[in-house]
2 protein chains.
Amino acid sequence: MVVELVCVGTELLLGNIVNTNAAFLARQCAMLGLSMYHQSVVGDNEERLKETIRTALDRSDIVILCGGLGPTQDDLTKETAAAVMGFPLVEDAHSKERIEEYFKNSPFKIITDNNWKQALVPEGCIVIDNHNGTAPGIIMEKDGKSMILLPGPPNELIPMFHQDIFPYLNRLQPETIYSVMVKLCGVGESLVETEILDLIEAQENPTIATYAKTGEVHLRVTARASDEKEARKLVKPMLKELKKRFGSHIYATDEATTLEESIVALLKEKNLTLTTAESCTGGMLSARLTNVSGVSEVFKQGFVAYSNRAKRKLLDVKKNTLKTYGAVSEKTAKEMAKNGAFITGSDICVSITGLAGPDGGTETTPVGLVYIACAYQNELRIREFHFKGNRQKIRELSTVNALTLLRSCILEKETAGK
Amino acid sequence: MVVELVCVGTELLLGNIVNTNAAFLARQCAMLGLSMYHQSVVGDNEERLKETIRTALDRSDIVILCGGLGPTQDDLTKETAAAVMGFPLVEDAHSKERIEEYFKNSPFKIITDNNWKQALVPEGCIVIDNHNGTAPGIIMEKDGKSMILLPGPPNELIPMFHQDIFPYLNRLQPETIYSVMVKLCGVGESLVETEILDLIEAQENPTIATYAKTGEVHLRVTARASDEKEARKLVKPMLKELKKRFGSHIYATDEATTLEESIVALLKEKNLTLTTAESCTGGMLSARLTNVSGVSEVFKQGFVAYSNRAKRKLLDVKKNTLKTYGAVSEKTAKEMAKNGAFITGSDICVSITGLAGPDGGTETTPVGLVYIACAYQNELRIREFHFKGNRQKIRELSTVNALTLLRSCILEKETAGK
């Protein structure tokens, strides 16, 4: 089945925002095994919107529109799409009630007349409740085709898609798709592709696709079958093979879990506490870890020791070490990690010291040279990196590699103990 | 003049990457005063690509295509666009030389045959050198229309656009565009729009456009005139008016400067040192500040005091304060800021303590309640916020509002002293 996207909004044509909805929807449709040949962006103009929707409807089986469902005059998607499909607009009592409820809980908001137009829906359509905003999603079906209208804001569109649209699209097709995302850390994209070249070349059902992220590689394994149970069975052998080949490099096998979430879960599981000691990353590492809800059980404090003096005062790094080896050195990274753990009484401490650039590089200490150390019980691990990229990139790479080292320290200690 | 974008690439249709090129190009075209009514994404398929290009050429004066200029079989943009425009492909000696040079400097790269196809160009076109890759940019002109082909990778497209395409497009039009970005902090989008409603409604030349960012509002003032000198003159009165209305809320009047950059510049100018004391933001604030090259002159260390005990041990927050008022309180925020400055000997300390959620909220301490304090010399400022959003959003809002408070403390102290 062929699906097409039409994203509505003048802010997209003006470049005010990046079209993340298109990437999200395209990815979900690919997961569903739908073919996508076109995406369009059009503004809040009735004539051009009508023309774009018609073109899409003519050449595709499913048209997904996002944006333009709000209460203002510029929001034309619903009226225009309904007109193209040939459905009149009628008031949906359920949606009207939900809008009343939404504003009831915000005593300072006045329900202006134009908000009520969000309760109008194309006759006979499927109404999809919006749990994060006022505009309901809409599905219209006619002559074997489907037109799906979704709200523009990603925090409304994404949950709605996961909860209602994905299952709907999955049911539309004779086959069901089941997909697993295998997430790897500590191994580069080229190496991963080389390792699974045979799987990529032989793929039929399931398929395997590679996505590169900063410091991570994600592999999506997708199978299609008559129902989900069969599809899950088809996915199993390939998952097993990936586990065999990549072992503990795999930190998650689901869409949602981030590397920091998997690490915090691991720390909780093992009843361990963590401290961070950062220099050039300036707090990026602790910021990433503290994005995990419930991290307070395992993380109590972090150090941002940006200057040499701060390294001495906060982390007891020896004056002589800094003088002889410099702030960006193996010795300094090790002392930061070891002392960070000792001072705070934490089980583990990860330290990062390096040169993020663009200035300050020398022959011995070039921009991109970063040392990451991890102190855990009696072990003290150290890694040296030569990152490429701008300041932000070097700091991001330092952060994700610190998380990777931290994780492997916890896991390997566990294996060593057996 | 009407411009249209066609982004070529199956990876876009599969949702493997986000279409940042479209947002960048759309924004640049808006700055140039060009009207954009359509954007399309199409894959590496000759028929569909041809159809999409033809449709764009029929309805627009300028068509910008990006992607598909590489050496592989899937790269069809040049051949297809040239065919639609009716130009044969010929070898461009200059481009061939540049490709030879490019590979000469990479002794391990073998120049495969398909790389030479990148030296073929439509007859009579303008060839644009690519300083970051092998594929040259192409401009074809015919019957009063222009078709511009750009390489897909952003690190090749963006510099090429700035250096060659922007000036070309600026020359295409009888008038020149000059644009200034006025960046505001510490004032919300609705309030800004209300303040400049008269300017928005009366706008002709220059025009004024609003862009909302997290905790910031950016206003783009754009004038068109016969040359840049005249355009600059036209922009002046509106800039003056905005300065009058928003005063010190304006932290920059250029595209590039970030809020943290402007603050670090201010600290350097006034010879001040800064410390950060964070709880719920966990390092986000110091991470943002340390993204600024040269920040080490003004920032030496930051505290991430995530637990109550860490607040006591690292920042000397009184046990009684935490017991009586709790970690998320005005008193705790003030002690964190005051003590942070004292302990480190820094001139200024900004502290953040709050509840980022989603768990832990109570009636007295709901999710989103955040206190931000700033200690500077004898002054101790405190702000209470009730942020809405998920954990990440609340932390981002806390961070940008801390930067805003920090900035206003420095500026107002300066004014008070006069």
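Look up: the structure comes first, before these words.
All values derive from a computational prediction rather than experimental measurement.

## So, the overall build of chain A
Phase 1 of the analysis: In terms of regular secondary structure, chain A is built from 16 helices and 17 strands.
Phase 2 of the analysis: Seen along its three principal axes, the alpha-carbon backbone of chain A occupies a region of about 80 × 55 × 40 Å.
Phase 3 of the analysis: Looking at the 418 residues of chain A, the share that counts as buried comes to 54%.
Phase 4 of the analysis: Excluding contacts between residues fewer than 6 apart, the proportion of contacts in chain A whose partners are at least 24 apart in sequence is 68%.
Phase 5 of the analysis: Summed over all atoms, the accessible surface of chain A reaches about 18,400 Å², with 50% contributed by carbon and sulfur.
Phase 6 of the analysis: Where the 49 positive side-chain charges of chain A centre and where its 53 negative ones centre are 10 Å apart.

## Here's the deal with the interface of chain A and chain B
Many descriptions give the size of an interface as the accessible area lost when the pieces come together.
Phase 1 of the analysis: Taken together, the 55 residues of chain A in the interface contact 57 residues of chain B.
Phase 2 of the analysis: Overall, the association of chain A and chain B removes approximately 4,200 Å² of surface from exposure, summing both partners, and the carbon and sulfur fraction of that is 50%.
Phase 3 of the analysis: Seen at the junction of chain A and chain B, the total is 2 salt bridges.
Phase 4 of the analysis: A salt bridge links Glu51(B) to Arg59(A), with the shortest nitrogen-to-oxygen separation between them at 3.2 Å.
Phase 5 of the analysis: Where chain A packs against chain B, one counts 30 residue pairs in polar contact (both at pLDDT 80 or more).
Phase 6 of the analysis: Those elements that place two or more of their residues in the side of chain A that touches chain B are α1 (10-13), α2 (20-31), β2 (35-42), α3 (46-59), α12 (284-289), β14 (299-305), α13 (308-315) and α16 (391-416) of chain A.
Phase 7 of the analysis: Looking at the side of chain A that touches chain B residue by residue, the classes come out as 25 nonpolar, 22 polar and 8 charged.
Phase 8 of the analysis: Across 5 bridges, the pairing between β14(A) and strand β14 (residues 299-305) of chain B is antiparallel. Counted as the bridge partner of Gln301(A) is Ala305(B) from β14(B).

## Let's talk about the relation of the copies chain A and chain B
Phase 1 of the analysis: Overlaying chain A on chain B yields an RMSD of 1.2 Å, the required transformation being a rotation through 179° with an accompanying axial translation of 1.0 Å. With respect to symmetry, the two chain copies, as superposed, fit the operation of a two-fold axis. No C-alpha of chain A lies nearer the rotation axis than that of Gly283(A), which sits 1.8 Å from it.
Phase 2 of the analysis: With an isologous cut-off of 70% or more, the 100% of interface residues of chain A that recur at the interface of chain B puts this contact in the isologous class.

## So, empty space enclosed by the protein
Phase 1 of the analysis: This model, assessed by the stated rule, comprises 4 cavities of 30 Å³ or more.
Phase 2 of the analysis: As a volume, the largest cavity reaches approximately 120 Å³.
Phase 3 of the analysis: Looking at side-chain class alone, the lining of the largest cavity contains 10 nonpolar, 6 polar and no charged residues.

## Thoughts on the sheet that holds strand β15 (residues 348-354) of chain B
Phase 1 of the analysis: Sheet architecture is open: 10 strands sit in the order β17(A)-β16(A)-β15(A)-β13(A)-β14(A)-β14(B)-β13(B)-β15(B)-β16(B)-β17(B), paired in mixed fashion. Edge positions in the sheet fall to β17 (379-386) of chain A together with β17 (379-386) of chain B, since each of these pairs with one other strand and no more. For this sheet the average axis-to-axis angle between neighbouring strands, irrespective of direction, equals 10°.
Phase 2 of the analysis: As paired elements, strand β13 (residues 274-278) of chain B and β14(B) share 5 bridges and run parallel to each other. Counterpart to Glu278(B) in the pairing with β14(B) is Val304(B).
Phase 3 of the analysis: Across the sheet, helix α15 (residues 330-344) of chain B touches β13, β14, β15, β16 (369-376) and β17 of chain B, and the angle it forms with β15(B) is around 150°.

## With respect to the pattern of salt bridges
Phase 1 of the analysis: With the rule as written, the count across this model stands at 45 salt bridges over all chains.
Phase 2 of the analysis: Across the pair Lys96(A) and Glu91(A) runs a salt bridge whose closest N-O atoms are separated by 3.9 Å.
Phase 3 of the analysis: The partly exposed category is assigned to Lys96(A), whose relative accessible area is 27%.
Phase 4 of the analysis: With its nearest N and O atoms 2.8 Å apart, the salt bridge here joins Arg245(B) to Glu241(B). Of the two residues, Arg245(B) and Glu241(B) both sit in helix α10 (residues 228-246), 4 residues apart, roughly one turn of that helix.
Phase 5 of the analysis: The partly exposed category is assigned to Arg245(B), whose relative accessible area is 25%.
Phase 6 of the analysis: Given the relative accessible area of 23%, Glu241(B) is considered partly exposed.
Phase 7 of the analysis: Put simply, Asp198(A), Glu241(A), Lys244(A) and Arg245(A) are held in one network by salt bridges that share partners.

## A few points about α10(B)
Residues and elements named next belong to chain B.
Phase 1 of the analysis: In this model α10 runs 26 Å from its N-terminal to its C-terminal C-alpha over 19 residues, within 8% of the 27 Å that 1.5 Å per residue would give.
Phase 2 of the analysis: For α10, the principal kink sits at Lys236 and spans about 30°; a proline, Pro237, occurs within the next four residues.
Phase 3 of the analysis: For α10, the complete set of buried residues consists of Ala231, Val235, Met238, Leu239, Leu242 and Phe246.
Phase 4 of the analysis: Residues of α10 that are buried sit in contact with β9 (176-185), α8 (189-195), α9 (197-202), β10 (207-213), β11 (216-225) and β12 (250-252).
Phase 5 of the analysis: Where α10 begins, one side-chain oxygen reaches toward the backbone nitrogen of Lys229, 3.0 Å away; that side chain belongs to Asp227.
Phase 6 of the analysis: A positive backbone phi angle near 45° is found at Gly247, which sits one or two residues after α10.

Definitions and cut-offs
- Residues numbered from 1 in each chain as written.
- Chains lettered and ligands numbered in written order.
- Predicted model: local features only at pLDDT ≥ 70, side-chain atom pairs only at ≥ 80, totals over all residues.
- Heavy atoms only, no water.
- Helix = DSSP H or I, 4+ residues; strand = E, 2+ residues; numbered from the N terminus.
- Buried < 20%, exposed > 50% of the residue type's maximum accessible area, 1.4 Å probe, protein only.
- Contact = heavy atoms within 4.5 Å.
- Areas by Shrake-Rupley, 256 points an atom, 1.4 Å probe, with all protein chains shown as cover.
- Lys, Arg positive; Asp, Glu negative; His and termini not counted.
- Charge placed at Lys NZ, Arg CZ, Asp CG, Glu CD.
- Buried area = accessible area lost by both parts, 1.4 Å probe.
- Salt bridge = Lys/Arg side-chain N within 4 Å of Asp/Glu carboxyl O.
- Polar contact = N/O pair within 3.5 Å; in protein donor to acceptor, adjacent residues only side chain to side chain.
- Nonpolar A, V, L, I, M, F, W, Y, C, P; charged D, E, K, R; others polar.
- Pairing = 2+ DSSP bridges.
- Least-squares fit on C-alpha atoms with pLDDT ≥ 70 in both.
- 1 Å grid on protein atoms, 1.4 Å probe; cavity = no way out; pocket = protein on both sides within 12 Å on 5 of 7 lines; lining within 4 Å.
- Points joined across faces, edges and corners; volume = space filled by probe spheres on them.
- Axes fitted to C-alpha atoms, helices over the stretch in contact; angles between N-to-C directions.
- Expected span 1.5 Å × (residues − 1).
- Bend = angle between axes of the 7 residues up to and from the residue.

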